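The primary structure of each chain is shown beneath.
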Amino acid sequence: MADSQWLAALASFVGAGLAYLGAWRGSRQREHQGRREEWGRRFTSALDAIKSDDLRSRMLGRTLLAELATSELAGAEERSLAEALLTEEARYDPHGTDLRLVAPGPELDGTRFIEDDEV
């Protein structure tokens, strides 16, 4: 074979390899985008569940939101948003009581709980 034939064969091989790598990369990007879209659908579903009047639905929504917050598909901003939503949701009381999260320490040690059974 002449040198030009070898060069043409090598160029074809390299071209095919580059085309394959380009197609593979595009496929991976589409797959990642699809997974991120699914993350978004699940995030929306978790938010809907948290707003539910049904206690079990709210619990499942919180669990899903906590899992989504740690997902590799969530970016830093999405993790922060999910954690903020979980914190706010933990403070929410449907009966209107102002609830606060109390960290372990002197504030928690000094907290007195009084049960009021009067109707």
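Predicted model only: the values in this text are computed from it and were never measured.

How each quantity is defined
Residues numbered from 1 in each chain as written. Predicted model: local features only at pLDDT ≥ 70, side-chain atom pairs only at ≥ 80, totals over all residues. Heavy atoms only, no water. Helix = DSSP H or I, 4+ residues; strand = E, 2+ residues; numbered from the N terminus. Buried < 20%, exposed > 50% of the residue type's maximum accessible area, 1.4 Å probe, protein only. Contact = heavy atoms within 4.5 Å. Axes fitted to C-alpha atoms, helices over the stretch in contact; angles between N-to-C directions. Left-handed = near helix turned anticlockwise from the far one by under 90°. Nonpolar A, V, L, I, M, F, W, Y, C, P; charged D, E, K, R; others polar. pLDDT = per-residue confidence, 0-100. Core = buried A, V, L, I, M, F, W, Y, C linked by side-chain atoms within 4.5 Å.

Trainee: When you look at the overall build of the protein chain in this model, what are you seeing that I'm missing?
Mentor: Summing up its helical and strand segments, the protein chain has four helices and zero strands in all. Its helices and strands taken in sequence order, the protein chain reads α-α-α-α from the N to the C terminus. For the protein chain, buried positions account for 16% of its 119 residues. Of the contacts formed within the protein chain by residues at least 6 apart in sequence, a portion of 38% connects residues at least 24 apart.

Trainee: Looking at this structure, I do not really get the side chain of Ser71. What am I missing?
Mentor: Tracing the backbone shows Ser71 in the loop between helix H2 (55-69) and helix H3 (76-91). Not counting residues up to four positions away in its chain, the partners in contact with Ser71 are Trp39 and Arg79.

Trainee: Where do I start with the packing of helix H1 (residues 3-50) against H2 in this structure?
Mentor: Helix-helix packing is described using two parameters, namely the angle between the two axes and the distance between the axes. Contact geometry for H1 and H2: axes closest at 7 Å, N-to-C directions at 145°. As for how H1 packs across H2, the hand of that crossing is left-handed. Of the residues in H2, those in contact with Trp39, Arg42, Phe43, Ala46, Ala49 and Ile50 of H1 are Ser57, Arg58, Gly61, Arg62, Leu64, Leu65 and Leu68. Along the lines of polarity and charge, the residues of the contact of H1 with H2 split into eight nonpolar, two polar and three charged.

Trainee: What's the story with the confidence of the model for the protein chain in this structure? I'm lost.
Mentor: Close reading of the predicted structure is inappropriate where its pLDDT is low. A residue-level look at the protein chain finds 75% of positions with pLDDT of 70 or above and a mean pLDDT of 78. Averaged pLDDT values for the elements of the protein chain fall to 64 in helix H4 (residues 106-109) and rise to 88 in H2.

Trainee: Sorry if this is basic, but what is going on with the nonpolar core here?
Mentor: If you look at soluble globular proteins, the nonpolar side chains tend to sit buried side by side. Ranked by size, the top nonpolar core spans eleven residues in total: Trp39, Phe43, Ala46, Ile50, Leu65, Leu68, Ala69, Leu73, Ala74, Ala82 and Leu86. Mapped by element, the contributors of at least two residues to this core are H1, H2 and H3. Broken down by element, this core gets its largest block of residues, four residues, from H1. The contacts of Ala74, once residues within four sequence positions are left out, are Arg36, Trp39, Leu68 and Arg79.

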